[in-house]
Each structure stands twice: as structure tokens, then as C-alpha cells.
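# What the coordinates show
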Amino acid sequence: MAYYFIFPELDATIYSHPDRTKMNTGGDEILEIVKEKGSSDERYYPSRVLIKFKNEDILNVINNKIKNGVGTIVGPSIFNISDENAVQNLVNVNLQLLSTEHKNLTSILNLEAFAISQSWDEGTGRYSNLPTSSNGCSWIYRDNDITKTQWTTGSIVTTGLTFGSSSININELPTGSQVELTINGIDFIPVLSASLFDNSPVENYVQISSSIEQFGLNLQTAINASSSLTLVTSSFISATNTLILSGSSLGTNVTITTGSTVSNNQPIFTSSIGNYSVQGATSTTTSPFAQGTTGSIDASGITQGGGVWYASGSFQGTQQFLKGDNLDTNINVTTIVRKFWKNLNNGNTYPNGIENNGFIVKQPDSVEENTSASFGEMKYFSVDTHTIYPPRLVFKWDDSTHNFTSQAKQSGELSVSLYRNKEEYNQNDEAIFRIHVRDKYPTRQFTSSSNFLNPGYFTDTSYYSIRDAHTEEEVIPFDTNFTKLSADSEGMYFKIHINGLQPERYYRILFKHINNEGTEVYDDNYHFKVVR
């Protein structure tokens, strides 16, 4: 059986907290899924994690490493199977983030991993940097604060209108703050009750009220009362439900932006200039979500952004944690990696294949959008960690073969020893370990050769496990599907791809054997070291 590890080339945490929407953390040692309380309000703002693995590493594993029990490469044929369930029965790919300090967690937690649909830059920023670094991805931008390529939010950005002739029609009442109107960087956010929020210099809460007319008048009042929106005034014409923007001089440009999440592209605000819908994403100036993708967040007061990802089940992995569970992630992302490979190897496009832009890891929408409560802090080591716990993508498949079940030891005490152990292995080795199995108290018989030379066999329900000899971390667990021991004419054996193990560390091997008398684990300090 085989486990093969690859490690990320990029990772970062992006934050929706108002103080950190443009902050980059690409060089930080920690990745975190957290909801932070606002500095000047009572909201809790979620964060998300971005992580990407190299195209070359994914291609190499599937095209060159995944072999069957006789050494034939089978990865491409498996990943080309049309039945996704059949693929997962043969190969599993899991996204593993190794946990560090967690705080104040609720008793039930859920994480989701999706395939990101847009490219992003890692950057070199850290959470603790002062001043804050913005040379890579953030909640708002997928590149940096200079180029300012924004994550798609299903919105439209309209520039070049003039205050002297700008008019915005209000076609219907918004149902909540999923649609925002931004004028020169100042947000006007519809809410059911503006009294619940404190306006900030860049966020103004406008009560929706019971009619379009009253909402328009509320919007007019908020714009005129904004001390941050200088040289701009507004008026509302009730007869046509039109908001008029005026400036100190004709020809002064205004930037109008509306934000939305997928399925919320209502044409609430439209412009009379150019016959386009500011919200409806119907003109050539729109920036809607690409086919099959979604993103952003539908929550009052949270800035639109935070990544874009593919939304259906084939592009999603999930994991639930209950109280007392190990909080390391082990999210099954086999179907997502299969989509990456089919694009890289076969050139397939959506929905059969997608470009590898990595994964986004987040809490479910219902948790993120509940801005009145926190679930605690989930923290994981990043690829920039100085520990032995970077994130990893784990490929698991069955390369075992066992044709000696009739000779397997079904009962009795056994003596088990490891041989052909070089004790030191280079990072790039593919090591084969052999196991000598014999009866601890053999039956006396007259023979011309020693019983110690005859190979003995475990049953085909026997497995190996690898642990870090110092920390006791289970690097490769006993896995009934993917760590079976093999058998040939020389006895029992198994293979390990050393490159997935951290260098300059000692590891310990354990064996589990299940027969008619039960289950026994053999742990006799079988050690080896990985060197650079």
C-alpha cells in the first residue's frame, strides 16, 4: 500500500475584518479560520485560507507514482475513469492541515474546501507586520494593493459618470445588505434597521423601510449626511424613483460599485446612462461570476470579496469535528484533484476539468454570515512554518499483493523482525522494508534446514504504520484500505516513499496483524532516519 505526500507552493489567510481587508499574510507561519470581533462594532468577521500545490507535483504523482502491486503505472487510467465513486475506491487524495493552538471552539465545527476559480499571488506579508503588508492576495484583491485586481463578487463597476448628469434608478426594494451602493469608496448598505449599527467613515447603513420611495429618501439623507463623501450631494425624485448625484462642477467623475453574491444579481440599482444595469450584470462592463462559480459573502457590513470558487459537489470537500476530535484536517479532495489533473494532462475544461488555482478552506456560509457570534479560533501551520508540520496533499492507493494467504499464521504467538532496513534513507528514496515472521515456539520436527530460514506470513489483513519517533505523531496511520502489507516468496514487505517525510528526523515502524486469535500490534523499536 502507498502514501505519497506533496507540499504547497503557496498559502495565505485572508481576513474580512475591516482593519485587514487589504492585508497580505503570504509569509506568515500560521493559517487560521477565525471570526474576529470588530474594532468599533459588535460584528464577528470571518477569515478564509487559500492554499495551492504545484502542477508539476500533481502530474508527477498521478502519471508516475501510482502503481499497482506488480509495479505497473495505473494513475492515468484510474483518474480517467468516468465514475467518480469508482475513482475514490481506488485512490484517495486528502488535504491535511496540521493544527497548532486552537481557542474557544464550539462543540461542533465544520470546514469546507473548494476549488478556487481565479489565480492569486501569495505575497510575503505577515499578520504581525507594522505597517501592514499588501504585496499579495487579500480579502479584496487577488494580487496586491497596487495592481488592485479584485476578486469577482458578481458585481458591476461603473466609472466615468459625471455628477452633473448622473442618475440612478431604484427598481425594487432590496431584501438585505447583499446589494451595496458604493460612491467614491464610501459604502451605503441597505439594512432592515439602521439603528442596530454605528455608521463609520466608510460604511453608512440605510434603512430599507416599507417602500422604494422611503428607501430612496433614506439613501438621499445618508449621502448628504456623509462627512467622508465630499463635494457630492444627492436628491431623490419620488415620481420616478430616481436618485440624482450632483457635484461641485460638471464633469467630475464618480465611481459607482454594487456588490452581490451568486443568485443575488437583482437589478435594484440601474443607471439611465448607457442603458445598463448597475447590479444586473447585463452589459459589457459587468464582472459576474463565471459559469459554475460563486464567492463573496452575504452578510451585513462585511466587505464583498474573499475569493471565488467552484460551487458544486464535485468541487467540494467537507469535514466535521466533534468535541474531543483531533483538529488536524483530513478533507477528501479526490474529485477536485481529478479535475485539476484532467485539465493539466488532457486539456479538459469546465465542468470536466479546471485550472489548478488551489483550494479555499472556510466555514460554511451559514456560520460565516452569522456576524453576531464566533466559533472560536482554528489555527494551522503554514508552508512557511519552522516546524515539521507544513500542510500537505496526501495521495493514497493500493499497491499491495498477497498470494500466500494459505500459508498465513492464523494462530499462535509470533516472532517478528524487520530486515533490509538501511536505517538511513535519503529524501528521494523509495524504500522497501521486509519483515521476517516465524512462530515464537515452533513445533519440533526433524528437517535438513533451519526453520529460521523459512518465510512466514501474516494474513492479508495486516498493516503498517509510521510514527515520528520523537513526537509520536502518526505520520501514516494503520489504514485498512491503503497500508496493507504485501507478500511474495521471500515473505512480507511494504514500500515507503521517503520524500513525504521530514528530513533529519527519526521514524518508528509498527505492524498490525489480524488473525483468528484477534488483533496484535508489533512495536519493537523498528527505527529509521531520513537524511537530506
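For the structure given in this document, a descriptive report is provided here.

Definitions and limits used
- Residues numbered from 1 in each chain as written.
- Predicted model: local features only at pLDDT ≥ 70, side-chain atom pairs only at ≥ 80, totals over all residues.
- Heavy atoms only, no water.
- Phe/Tyr/Trp six-rings, centres within 6.5 Å; stacked < 30°, edge-to-face > 60°.
- Buried < 20%, exposed > 50% of the residue type's maximum accessible area, 1.4 Å probe, protein only.
- Helix = DSSP H or I, 4+ residues; strand = E, 2+ residues; numbered from the N terminus.
- Pairing = 2+ DSSP bridges.
- Axes fitted to C-alpha atoms, helices over the stretch in contact; angles between N-to-C directions.
- Expected span 1.5 Å × (residues − 1).
- Core = buried A, V, L, I, M, F, W, Y, C linked by side-chain atoms within 4.5 Å.
- Contact = heavy atoms within 4.5 Å.
- Salt bridge = Lys/Arg side-chain N within 4 Å of Asp/Glu carboxyl O.

The next point concerns the packing of aromatic side chains. Between two aromatic rings, the relevant description is the distance of the centres plus the angle of the planes. A complete count under the given rule lists 20 aromatic pairs for this structure. With a centroid separation of 5.3 Å and an interplanar angle of 55 degrees, the aromatic rings of Y425 and F433 are classed as tilted. Per residue, the accessibility class of Y425 equals that of F433, and both read buried. On the numbers, 5.9 Å between centres and 70 degrees between planes, the contact of F494 with F511 is edge-to-face. With a gap of 17 residues between them, F494 in strand β30 (residues 491-497) and F511 in strand β31 (residues 505-515) connect regions that are remote in the sequence. The buried category is assigned to F511, whose relative accessible area is 0%. Three or more aromatic residues joined by ring pairs form one cluster here, namely Y425, F433, Y464, F494, Y507, F511, Y526 and F528.

Taken in spatial order, the five strands line up as β25-β32-β31-β27-β28 in an open sheet, and their pairing is mixed. Looking at which strands have only one partner, the edges of the open sheet turn out to be β25 (424-426) and β28 (474-476). Across the sheet, the mean angle separating the axes of adjacent strands is 40 degrees when strand polarity is ignored. Examined bridge by bridge, β25 and strand β32 (residues 518-531) share three bridges and lie parallel to one another. From the neighbouring strand, Y425 faces β32, where its bridge partner is V530.

Across the seven residues that make up strand β27 (residues 462-468), a large majority, six, are buried. Relative to β31, β27 is paired through seven bridges, and the arrangement is antiparallel. From the neighbouring strand, Y464 faces β31, where its bridge partner is F511. Summarising the sheet, β27 and β28 pair through two bridges and their orientation is antiparallel. Counterpart to R467 in the pairing with β28 is E474. From the end of β27 to the start of β28, which pair antiparallel, there are five residues, and E472 there has a positive phi angle of about 70 degrees.

Here we take up helix α4 (residues 212-225). A turn of α-helix holds 3.6 residues, and therefore any two residues three or four places apart point the same way. The end-to-end C-alpha distance of α4, which contains 14 residues, comes to 20 Å, matching closely the 20 Å that a straight helix rising 1.5 Å per residue would cover. Listed as buried for α4 are I212, F215, G216, N218, L219, Q220, A222 and I223.

Core analysis: the largest hydrophobic core is formed by 43 residues, its most contacted members being I66, L95, V333, V337, F359, L393 and F395. Aside from chain neighbours lying at most four places away, what touches L393 is Y4, F5, I6, F53, V93, N94, L95, V333, V337 and F359. Core analysis: the next-biggest nonpolar cluster, separate from the first, contains 33 residues, L414, A431, Y507 and F511 among them.

Moving on: the pattern of salt bridges. Under the criterion given, the structure shown has 22 salt bridges. For R48, the salt bridge goes to E368, with nearest N and O atoms at 2.7 Å. Here the residue R48 occupies a position in strand β4 (residues 44-52), and E368 occupies one in helix α6 (residues 365-368), the gap between them amounting to 320 residues. R48 gets classed as buried once you look at its relative accessible area, which sits at 0%. Note that R505 is salt-bridged to D468, the shortest N-O span being 3.0 Å. Separated by 37 residues along the polypeptide, R505 in strand β31 and D468 in strand β27 bring together distant segments of the chain. Of the two residues, R505 and D468, neither departs from the other in class, the shared state being buried. Each of the salt bridges in this network shares a partner with another, and the network as a whole consists of R48, E112, K362, D365 and E368.

Nothing here speaks to function; it is all geometry.
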